[in-house]
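Each chain, letter by letter, is given below.
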Amino acid sequence: MPTLSSSTHCRSYCSSSNYGHHPTALSPKRFVPSKVFLQLDRKSWSNVVCMQDGALSAIVAPIESKSPSKKMTEEVLSVAPPEECTEAAGFDVNKDDSTVSITVVGASGDLAKKKIFPALFALFYEGCLPEHFTIFGYARSKMTDAELRNMVSRTLTCRIDQRENCSEKMDQFLNRCFYHSGQYDSQDNFAELDKKLKEHEGGRVSNRLFYLSIPPNIFVDAVKCASLSSSSTNGWTRVIVEKPFGRDSESSAALTKSLKQYLGEDQIFRIDHYLGKELVENLSVLRFSNLIFEPLWNRQYIRSVQLIFSEDFGTEGRGGYFDNYGIIRDIMQNHLLQILALFAMETPVSLDAEDIRNEKVKVLRSMRPIQLDDVVIGQYKSHTRGGVLYPGYTDDKTVPQNSLTPTFAAATLFIDNARWDGVPFLMKAGKALHNKRAEIRVQFRHVPGNLYNRSFGTDLDQATNELVIRVQPDEAIYLKINNKVPGLGMRLDRSNLNLLYAARYSKEIPDAYERLLLDAIEGERRLFIRSDELDAAWSLFTPVLKELEEKKIIPEYYPYGSRGPVGAHYLAARYKVRWGDLGLEQ
Ligand SMILES: NC(=O)c1ccc[n+]([C@@H]2O[C@H](COP(=O)([O-])OP(=O)(O)OC[C@H]3O[C@@H](n4cnc5c(N)ncnc54)[C@H](OP(=O)(O)O)[C@@H]3O)[C@@H](O)[C@H]2O)c1
């Protein structure tokens, strides 16, 4: 079945055999329609847009492969791998004279094992790494290359849609992984690493990426030593820095200042992995490439925007780090605020990183200072359910008994600009709640003079449209609409126009770390946080965080596995809003 497509999942380095395997994930550069070509899709067609909700279901039946309309439902518009990707990467894959060396600093740690090595393998598996690449693990732990490979191999998995040659690919990948043991503050140890890197680079142009997967108190030492002793001398050197970027305005500014002693801003890639998530990446596509959304994207039509994050587990023995930060710093000040800025920004001049980041900064700088009154904090307590005792936050041995650190927070924020004046942006984030999800909910206003008001009774909120962008799990975009129940009467109901990714796209969605690592290798900064964005984000949250801590505000306690503190409901009610995730139908 020919479909309109020009798809490639990865970018500059894909071998031609990989073209056409992945339909989405357009980088801005890939929007340039350099080539659009037809692709044969091998999978069967699935439901794309459907009405659902029990008895009211009107599910579009799978379309037969010979149906002409099927072409439309499975149409995937993307762009051939453009040459400019290779330019962005700073070298030409067709030439044999350049290499990329990726050093995972803190390779023995949790994040490296869980996310970074698997993401690098996925990129290799998809043919997205350059021909000449080397991966080094660096940490203090003593390990041989074989031991590192053994450790890494335990966390690698293959794409469900491309299982063939998996173990062969794993062996090839592991053979490109090496380990160097060293201290984070030793220039000598980094000089030894430099020597090993040079041996592997074999005289080619060397491009080096360092991923700092270490606790923040050793960021500066590691950057200093890596920069002074193992920077590339003839290619680029880039450093990915993991959060947290400080714990308030002052410490964040101090960290930036220290890093900039050794690196230029264009070498620093501050990672917020939420920006690498497929549905967050899709926000701009949804809004700026569909005529129906952008005209409604303002105070005139939108009543509230909700950004919701929940986890169904607690700190589970890893509360030491968390207790020093709390949920506001851990989730709201970075992940949720970044999504808010992307959601609310004005149309950028182009899809270039600087244009997008300029617009995001404007949103952050237009935000009204957060009032303590507009914040609710909570902490989970132990709870027994089904004979099982779920521990409270302070039962975690790594957490001080008297800790007031919030494991839940809800806040109302406002953007004082012409587009969003008066629209409450509600944020909510919590651990040990009843479910695990991250989503954006856009609640629209009531239809003025709605002819059908009587059909909805007194609860007009039942009749408003809501657009839900579910970032995780089960990625989906759905729009709640009012619909007539089929039959002779006039009964209305709410139904969903539903785009469930698993039903629409047969390919596995890449992990956020894959996209971000590839971007860093390509020098694409759009999804990384610039220092002025970071300053603006901290300026917004620092005063209220200080107030909470100075006044020792006691969190509202909520049972493990519950829906969170009741105070969050009152907070929303103050702005005549209900949390969309807690309604009867979600
Ligand atoms: N884990 C996650 O899911 C996650 C998510 C988002 C962000 N992060 C951030 O990513 C970074 C790495 O996270 P992680 O969970 O992998 O950290 P980790 O396991 O605690 O630490 C990574 C490695 O750093 C070294 N290290 C730990 N504590 C140290 C200390 N006090 N002094 C010197 N070296 C020390 C250890 O290696 P050696 O002893 O072998 O040197 C350890 O294996 C952190 O900044 C974290 O905040 C983590």
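Chemist: Describe in detail the overall build of the chain, supporting the description with residues and values.
Modeler: Counting its regular elements, the chain contains 17 helices and 21 strands. The proportion of buried residues among the 586 residues of the chain is 42%. Sequence separation of at least 24 residues holds for 78% of the intrachain contacts in the chain that already meet a minimum separation of 6.

Chemist: Can you tell me about the pairing of strand 16 (residues 437–444), naming the residues and giving the values?
Modeler: Burial of strand 16 is extensive: six of the eight residues sit out of reach of the surface. Bridge count between strand 10 (residues 302–310) and strand 16: eight bridges; the pairing is antiparallel. The residue of strand 16 that forms the bridge with I308 is E439. In the sheet, strand 16 pairs with strand 17 (residues 466–472) via six bridges, with the strands oriented antiparallel. For V442, the partnering residue across the bridge sits in strand 17 and is L467.

Chemist: Lay out the site of the ligand with the relevant residues and their values.
Modeler: Among the 17 residues in the neighbourhood of the ligand, the closest are listed as G109, L111, A139, R140 and S141. With three residues, helix 3 (residues 110–125) is the largest single contributor of residues to the shell around the ligand. The residue makeup of the shell around the ligand, split by class, is eight nonpolar, five polar and four charged.

Chemist: Can you lay out the pairing of strand 8 (residues 237–241) for me, pointing to particular residues and giving the numbers?
Modeler: The buried fraction of strand 8 is high, at four of five residues. Two strands pair when backbone bridges link them, and strand 7 (residues 205–212) and strand 8 are joined in this way by five bridges, in the parallel orientation. What sits directly across from L209, in strand 8, is R238. Crossover strand 7 to strand 8 through helix 7 (residues 219–230) is right-handed. Regarding topology, helix 8 (residues 249–260) serves as the crossover connection from strand 8 to the parallel strand 9 (residues 268–271), and that connection is right-handed.

Chemist: Describe the packing of helix 8 against helix 16 (residues 531–550), and please don't skip the residues or the numbers.
Modeler: Where helix 8 meets helix 16, the closest approach of the two axes is 9 Å, and the angle between their N-to-C directions is 165°. One way to sum up the angle between helix 8 and helix 16 is to call them roughly antiparallel. Seen along the crossing, helix 8 lies across helix 16 with a hand that is right-handed. Contacts between helix 8 and helix 16 involve S249, S252, A253 and T256 from the former and S531, L534, D535, W538, S539 and T542 from the latter. Among the residues forming the contact of helix 8 with helix 16, the class breakdown is three nonpolar, six polar and one charged.

Chemist: Talk me through the nonpolar core; I want residue IDs and the actual numbers.
Modeler: Judged by nonpolar contacts, the single largest core of 132 residues is most densely connected at L212, M332, L336, A409 and M427. In terms of residues, this core owes the most to one element, helix 11 (residues 326–344), which gives twelve residues. Both domains that meet at this core, namely domain 2 (89–242) and domain 3 (275–582), each give it at least three residues. In contact with M332, not counting residues within four places along its chain, are I327, L337, A409, A411, M427 and A429.

Chemist: Now, about the sheet that holds strand 6 (residues 177–181): what can you tell me, with residues and values included?
Modeler: Paired through their backbone hydrogen bonds, the strands of a sheet run either parallel or antiparallel. Strand order across the open sheet formed by seven strands is 6-5-4-7-8-9-20, with mixed pairing between neighbours. Each having just a single partner strand, strand 6 and strand 20 (528–529) make up the two edges of the open sheet. The sheet contact formed by strand 8 and strand 9 spans three bridges and is parallel. Looking across to strand 9, one finds that V241 is bridged to R270.

Chemist: Give a description of the packing of helix 12 (residues 353–365) against helix 16 that names residues and reports values.
Modeler: Contact pair helix 12 / helix 16: the axes reach a minimum separation of 9 Å and the direction vectors enclose 15°. Compared by their axis directions, helix 12 and helix 16 come out roughly parallel. The hand of the helix 12/helix 16 crossing is left-handed. Across from R357, K360, V361, L364 and R365 in helix 12, the residues of helix 16 making contact are D532, E533, A536, A537 and L540. Of the residues that constitute the contact of helix 12 with helix 16, the class distribution is five nonpolar, no polar and five charged.

Chemist: Which residues make up helix 17 (residues 567–574), and what are the values?
Modeler: Buried within helix 17 are the following residues: A568, L571 and A572. One side of helix 17 holds all its buried residues, which, seen down the axis, span an arc of 95°. Facing away from the buried side of helix 17, by more than 90 degrees, are the exposed residues Y570, A573 and R574. On the buried face of helix 17, the contacting elements are strand 11 (375–381), strand 14 (408–413) and strand 15 (425–430). Following helix 17 by one or two positions, K576 adopts a phi angle in the positive range, close to 55°.

Conventions we followed
Residues numbered from 1 in each chain as written. Predicted model: local features only at pLDDT ≥ 70, side-chain atom pairs only at ≥ 80, totals over all residues. Helix = DSSP H or I, 4+ residues; strand = E, 2+ residues; numbered from the N terminus. Buried ≥ 20, exposed ≤ 12 C-beta atoms within 10 Å, placed from the backbone. Contact = placed C-beta atoms within 7 Å. Pairing = 2+ DSSP bridges. Near = placed C-beta within 6 Å. Nonpolar A, V, L, I, M, F, W, Y, C, P; charged D, E, K, R; others polar. Right-handed = clockwise from strand over helix to strand, strands pointing away. Axes fitted to C-alpha atoms, helices over the stretch in contact; angles between N-to-C directions. Parallel < 35°, antiparallel > 145°, perpendicular 65-115°, else oblique. Left-handed = near helix turned anticlockwise from the far one by under 90°. Core = buried A, V, L, I, M, F, W, Y, C linked by C-beta atoms within 7 Å. Domains from an automatic or database assignment. Arc of directions from axis to C-beta.

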